[in-house]
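Survey of secondary and tertiary structure
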Amino acid sequence: MALKLPRSLVRHSILLVVALALVALALIGLAGMSASVMVAESMQGSANAINVAGSLRRLTYRVTALVVTDALSDGVPGERVREAIADFERDLAHPALQRFLQRDPGGLFAATYRGVEAAWRSSLRPRLEETAREGGAPLARANVERLLVEIDPFVNQLDTLVTVLEQDTEARIAGLRPIRAVAIAAVLVVIAVALLLLHRSVHRPLMELLRAAREIARGDLSARVAHVGHDELGRVGATFNLMASEMSRQYQTLEQRVAEKTAELQRTNRSLELLYHAIARLYQTPTAPEAYEATLRDIDQIAGLAGSFVCIEPRHDGPAAVIASTLGACPDRLAAGDAACDACRNARTPSFDWSARETELLRLPLRDREHHYGMLRLSLPAGARLEDWQFQLL
């Protein structure tokens, strides 16, 4: 099943279609980059926050190690423990963690952070401060054991805090995946549609133009292209069809002119052949009726006549004499006798006799400016007329 595209889309300029495809690709790329920038900005400080949260675990172990070291060496905890507590307080209020806290005050990180803060301020820090205030007395083993028992749950809370930060960062990174997938799918769709449009608007019309050009090159001037739309190649196709039509018309006109010239040459050759044979016959036997009758038969055949005859005036008074005929006797003399010859003597131009029904008789006087020598009478089929070249031949 062929894919049908809107005509309003495919009938526009090819350059416009390509430009729209490029604009669509640029917009998709811009949208993808904008989404990436937004995610990157939202992740700003995430690595620092993870590092700070990890340092809280390190500081917790450091304070514990200082206390345990002093207890094992029968020492008295003091300044080093207080410095470690201050370092923990500073990292717990670090700006990177505060930004995360302000970003989502009611989220999982905020709840975990508040739990860590509450455990530190309500339980672990008071015990560490109490240990640091005992002054010159060595630490009791019971106090150290209670401290170690409280450290493990607190460190677990810190681990949870770090995990929440890592999961939040990974979730934001994962949020780019559907955006990237949508952008890639949109790019593929735009490319596929653009290729389909280019195939229909460029490749197929070009192949059709090439086919039509080859057919015309082989002599088939009836070849035409079907793509005559409003785009560039459509206008080229319309111009190509116009050119092919004009070439076909010119070729037909040329063929007609060649045929006319060929027929004219054939008539000229036949006329020359007739004149040659007539001159040869009359030169050899100028008074033989057979020579004149053969000449009249040749004239009848070439001019398409039904018959003809020639009357020659006598040197002295009297009726004209028919010296050759393919019609038989003169029909006028059969009807009116010798008086009919007077009408022929008075004829100075070719004239028709319309009295015949089936044929038309044409009189051609044989004369010059001074003398009338006779009459050539031709019988034409009903409705026929002599052409110019036939008149010239006669």
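On a predicted model such as this, the values are computed, not experimentally measured, just so you know.

1. Looking at the nonpolar core
Ranked by internal contacts, the top residues of the largest apolar core, which has 34 residues, are Phe 88, Leu 97, Phe 109, Trp 120, Leu 128 and Leu 165. Within the residue set of this core, elements represented by two or more residues are α3 (46-72), α4 (79-92), α5 (95-103), α6 (108-132) and α7 (141-174). Of all hydrophobic cores here, the second largest spans 15 residues; its members include Leu 296, Ile 299, Leu 305 and Val 310.

2. What about the side chain of Thr 60?
On the secondary structure map, Thr 60 appears in helix α3. Discounting chain neighbours no more than four positions away, the residues touching Thr 60 are Phe 88, Leu 124, Ile 151, Phe 154, Val 155 and Leu 158.

3. Examining the pattern of salt bridges
Applying the stated criterion across every chain, the model contains 8 salt bridges. Among the charged side chains, a network of salt bridges with common partners joins Glu 89, Glu 117, Arg 121 and Arg 125.

4. So, the packing of aromatic side chains
Applying the stated rule across the entire model yields 4 aromatic pairs. Ring geometry for Phe 88 and Phe 154: centres 5.7 Å apart, planes at 45 degrees, overall tilted. Remark: Phe 154 occurs in helix α7 and Phe 88 occurs in helix α4; sequence separation between them is 66 residues. For the pair Phe 88 and Phe 154, a shared accessibility class is recorded, and that class is buried. Linked through ring pairs, Phe 88, Trp 120 and Phe 154 together constitute an aromatic cluster.

5. Things to note about the environment of Ser 248
Looking at where Ser 248 falls in the secondary structure, it is placed in helix α9 (residues 232-284). The class for Ser 248 is buried, based on a relative accessible area of 16%. In this structure, the C-alpha to C-alpha distance between Ser 248 and Gly 219, residues 29 residues apart in sequence, is 9.9 Å. Residue contacts for Ser 248: discarding those within four places in its chain leaves Leu 221 and Arg 224.

6. What to know about the environment of Arg 82
Take Arg 82: it is sitting in helix α4. Owing to a relative accessible area of 40%, Arg 82 belongs among the partly exposed residues under this scheme. Taking the C-alpha atoms as reference points, Arg 82 and Val 63, 19 residues apart in sequence, are found 8.7 Å from one another.

7. Points about a nonpolar patch on the surface
Taken together, the side chains of Val 18, Leu 22, Ile 191, Leu 195 and Leu 198 make up a nonpolar region of the molecular surface, amounting to roughly 400 Å² of accessible area. For the nonpolar patch, the secondary-structure elements that each account for two or more residues are α2 (14-42) and α8 (176-217). A per-element tally of the nonpolar patch places α8 first, with 3 residues. Its place among the elements puts Ile 191 in helix α8.

8. With respect to the pairing of strand β1 (residues 307-312)
Of all the 6 residues making up β1, 5 are buried; the element is thus mostly covered by neighbouring parts of the structure. When β1 meets strand β5 (residues 372-381), the two strands line up antiparallel, connected through 6 bridges. Bridge pairing in β5 links Ile 312 to Gly 374. Bridge analysis of β1 against strand β2 (residues 321-325) gives 4 bridges, and the strand direction is antiparallel. In the sheet register, Phe 309 faces β2, and the bridge partner there is Ser 325.

9. Focus: the packing of α8 against α9
Contact geometry of α8 with α9 gives a least axis separation of 10 Å together with a crossing angle of 10 degrees. Of the possible angle classes, the one that applies to α8 and α9 is roughly parallel. Considering the relative orientation of α8 and α9, their crossing is left-handed. Along the contact surface, α8 presents Ser 201, Val 202, Pro 205, Leu 206, Leu 209, Ala 212, Ala 213 and Ile 216, while α9 presents Leu 233, Val 236, Gly 237, Phe 240, Ala 244 and Met 247.

10. Brief notes about the confidence of the model for the protein
Per-chain confidence: the protein averages 76 in pLDDT, with 80% of residues scoring 70 or above. Ranking the elements of the protein by mean pLDDT puts helix α1 (residues 7-10) last with 49 and α8 first with 85. Contacts of residues 1-5 to residues separated by more than four positions or lying in other chains number 6 contacts, the stretch itself having pLDDT below 50.

Calculation rules
Residues numbered from 1 in each chain as written. Predicted model: local features only at pLDDT ≥ 70, side-chain atom pairs only at ≥ 80, totals over all residues. Heavy atoms only, no water. Core = buried A, V, L, I, M, F, W, Y, C linked by side-chain atoms within 4.5 Å. Buried < 20%, exposed > 50% of the residue type's maximum accessible area, 1.4 Å probe, protein only. Helix = DSSP H or I, 4+ residues; strand = E, 2+ residues; numbered from the N terminus. Contact = heavy atoms within 4.5 Å. Salt bridge = Lys/Arg side-chain N within 4 Å of Asp/Glu carboxyl O. Phe/Tyr/Trp six-rings, centres within 6.5 Å; stacked < 30°, edge-to-face > 60°. Patch = residues over 30% accessible without salt bridge, like charges linked within 9 Å, V, L, I, M, F, W, Y side chains within 5 Å. Areas by Shrake-Rupley, 256 points an atom, 1.4 Å probe, with all protein chains shown as cover. Pairing = 2+ DSSP bridges. Axes fitted to C-alpha atoms, helices over the stretch in contact; angles between N-to-C directions. Parallel < 35°, antiparallel > 145°, perpendicular 65-115°, else oblique. Left-handed = near helix turned anticlockwise from the far one by under 90°. pLDDT = per-residue confidence, 0-100.

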